[in-house]
Amino acid sequence: MSLEWKDLLGRPFKQHGADASGMDCTTVAETVLARLGKTAPATSPYRLTEPQGGEMTSYFNKMGEAYGLVGVDPRKATKLGDVVLARNPEGLATMLFVLVDINSGTFLTASHQGGVRATRRFNIASPVAVYRLKGDEA
């Protein structure tokens, strides 16, 4: 299965943005999952009525019915749409990377500094966990 994702590159960073005017790392992940035909819950804990204090770890743990923990090493992300949660430079688990190309190990993310950008799995610093939508385990 191939996935169209290159049109997302270069979009500016915009908190909770989900279109050409800007995106954040959570809406990038949601957009990729939607393009894969997946119905996924929002990946951002900030959209919950009970925020989790800024870290996404507890959010993903509470979303156990939707996401399964695959491991910590980004090499465990082997299916399109797998999500890697990583620590930001301040040490908080707030950065999401979504797998868009299995063969090259390319992920998309978005940051204040560069907007939506592609990166390879070996460039993901400080990974915390790899998650996969339930039902995609096989």
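As a reminder, the structure under discussion sits directly above these lines.
Residues numbered from 1 in each chain as written. Predicted model: local features only at pLDDT ≥ 70, side-chain atom pairs only at ≥ 80, totals over all residues. Heavy atoms only, no water.

Caption draft 1: Structural detail: unusual backbone geometry. Although it is not a glycine, His16 adopts a positive phi angle of roughly 65 degrees. Mapped onto the fold, His16 is located in the segment before β1 (18-19). With a relative accessible area of 38%, His16 lands in the partly exposed category. Of note, the phi angle at Ser126 is positive, near 55 degrees, even though the residue is not glycine. Secondary-structure assignment places Ser126 in the loop between β7 (115-120) and β8 (127-133). (Helix = DSSP H or I, 4+ residues; strand = E, 2+ residues; numbered from the N terminus. Buried < 20%, exposed > 50% of the residue type's maximum accessible area, 1.4 Å probe, protein only.)

Caption draft 2: Highlighting the pairing of β7. Looking at chain direction, strand β6 (residues 106-111) and β7 are connected through six bridges and run antiparallel. By the bridge assignment, Thr109 is partnered in β7 with Arg117. Turn length for the β6-β7 hairpin, with the two strands adjacent in sequence and antiparallel, is three residues. (Pairing = 2+ DSSP bridges.)

Caption draft 3: Representation of the sheet that holds β8 within the structure. An order of β3-β8-β4-β5-β6-β7 is seen for the six strands of this open sheet, with the pairing classed as antiparallel. With partners counted over all chains shown, the strands left at the sheet margins are β3 (67-71) and β7, one partner each. Ignoring which end each strand starts from, the neighbouring axes of this sheet average 35 degrees apart. Contacts from helix α1 (residues 25-35) reach β3, β5 (93-101), β6, β7 and β8 within the one sheet, and its direction differs from that of β5 by about 30 degrees. (Axes fitted to C-alpha atoms, helices over the stretch in contact; angles between N-to-C directions. Contact = heavy atoms within 4.5 Å.)

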